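Structural overview
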Amino acid sequence: HMSVGSFFAFSAALFMLYDPIRRLSNLYNKAQDAIMANIRMLELLATKPMIIDGEHKLQETIESLAFENVSLDYDNHRALANFSFQFKKGNLYALVGESGAGKSSLVNLIVRFYDPTQGKITINDKQLAHYTLASLHAKIAYVTQHILIFNDTIAANIAYGKPIDEAKIKQALIKSHAIEFVSKLPDGINTVLTQGGTNLSGGQKQRIALARALYKEPDILILDEATSALDNTSQKLIQNVLEELKADMITIAVAHRLSSVIHADSLLVFASGHLMCHGKHQQLEQSCPEYQRLLGVS
Ligand SMILES: Nc1ncnc2c1ncn2[C@@H]1O[C@H](COP(=O)(O)OP(=O)(O)OP(=O)(O)O)[C@@H](O)[C@H]1O
Ligand SMILES: [Mg+2]
């Protein structure tokens, strides 16, 4: 027999148990998640990096960048096949070819996002892997279509971690033809940009990215579709600037619009990972079928 009093006490106690049991089962779920996360994290920590940092600091100026029978495979897909070429300081090179031909893959090798599957890449006759990544990257400016703009002043966005030298910033802005729009802003180079540069147009972002690259005074300047958002006039102006600056570096431009790279010292024509021909526009126009085909479709 249970009294009315103890019956209510029992029911109240039963209800009070509900919450702790619910919490206990939540706790169990959380513990399971944590265990899984821990396993994945340990897996990640145990992965060996595929790119091994070199031991030597690259201090001297890059005079030449040479590829000897270089191939690059992504899994089983050959993106670049048996590529041999020597890039030399003072020249402007253009990489052309249809989409998927291997142009960006070649660039990926220069900055060591990937190491070649076969063959040898050298800087001034020393293997690329001989140098530390930091010292290599310090000498290379790489401008892509994916431009990182962060929430800081234009000056800081251009110096990009380096000390801000206002005179040099202005020079870089002049060279990249960004000065035209920056000088119209109320705060000039001290104008604060939004994260992702949402308050800039595509062309303005590309000019800021180019200014950032030039501020670095690189030995190798790589432009992968870097001027695609510019109108024809701006593109022409930037071409002239690159022409003026090229004496001090190796310039490599990837472009879909052939008209923007016709003046290159050498155009490298790629198809399905193979270098088909290389030379000046006038030569290729006469003798390179793949180039003629690209001219036809562009
Ligand atoms: N990270 C990757 N993983 C796997 N395959 C890739 C990777 N990057 C590129 N590829 C493949 O390698 C080939 C060459 O690509 P790559 O990006 O070098 O071409 P691209 O000439 O730069 O083309 P686009 O003009 O479109 O930029 C393509 O078939 C592409 O699908
Ligand atoms: Mg590409």
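Scroll up a little and you will see the structure.
All of the points below concern the structure found in this document. (Residues numbered from 1 in each chain as written. Chains lettered and ligands numbered in written order. Predicted model: local features only at pLDDT ≥ 70, side-chain atom pairs only at ≥ 80, totals over all residues. Heavy atoms only, no water.)

**A short note on the site of ligand 1**
- Surveying the vicinity of ligand 1 reveals 13 residues, the closest of which are Ser99, Gly100, Lys103, Ser104 and Ser105.
- In this structure, histidine 256 approaches ligand 1 through a side-chain N or O atom, which is 2.9 Å from an oxygen atom.
- Contributions of two or more residues to the shell around ligand 1 are made by β2 (77–88) and α2 (103–110).
- Per element, the largest residue contribution to the shell around ligand 1 is three residues, and it comes from α2.
- Here the residues of the shell around ligand 1 are counted per class, giving four nonpolar, seven polar and two charged. (Near = heavy atom within 4 Å. Polar contact = N/O pair within 3.5 Å; in protein donor to acceptor, adjacent residues only side chain to side chain. Helix = DSSP H or I, 4+ residues; strand = E, 2+ residues; numbered from the N terminus. Nonpolar A, V, L, I, M, F, W, Y, C, P; charged D, E, K, R; others polar.)

**Points about the packing of aromatic side chains**
- The tally for this structure, following the rule as stated, stands at eleven aromatic pairs.
- Seen from their ring centres, phenylalanine 83 and phenylalanine 85 are 6.3 Å apart, and the 15° between their planes marks the pair as stacked.
- With a relative accessible area of 1%, phenylalanine 83 lands in the buried category.
- Ring centres of phenylalanine 85 and phenylalanine 87 lie 4.9 Å apart, and the angle between their planes is 65°; on these two criteria the pair is classed as edge-to-face. Across the pair, exposure class does not vary: phenylalanine 85 and phenylalanine 87 are buried alike. (Phe/Tyr/Trp six-rings, centres within 6.5 Å; stacked < 30°, edge-to-face > 60°. Buried < 20%, exposed > 50% of the residue type's maximum accessible area, 1.4 Å probe, protein only.)

**Points about the state of the cysteines**
- Counting across every chain of the model gives one disulfide.
- The side chain of cysteine 277 participates in a disulfide bridge whose partner is cysteine 288; the two sulfur atoms lie 1.9 Å from each other. Where cysteine 277 bonds to cysteine 288 through sulfur, the torsion about that S-S bond is close to 65°, and the disulfide is right-handed. With cysteine 277 in strand β10 (residues 274–279) and cysteine 288 in the loop between α9 (281–287) and α10 (289–297), the pair connects residues that are eleven residues apart, well separated along the chain. Of the two residues, cysteine 277 and cysteine 288, both sit in the buried class. (Disulfide = S-S within 2.5 Å.)

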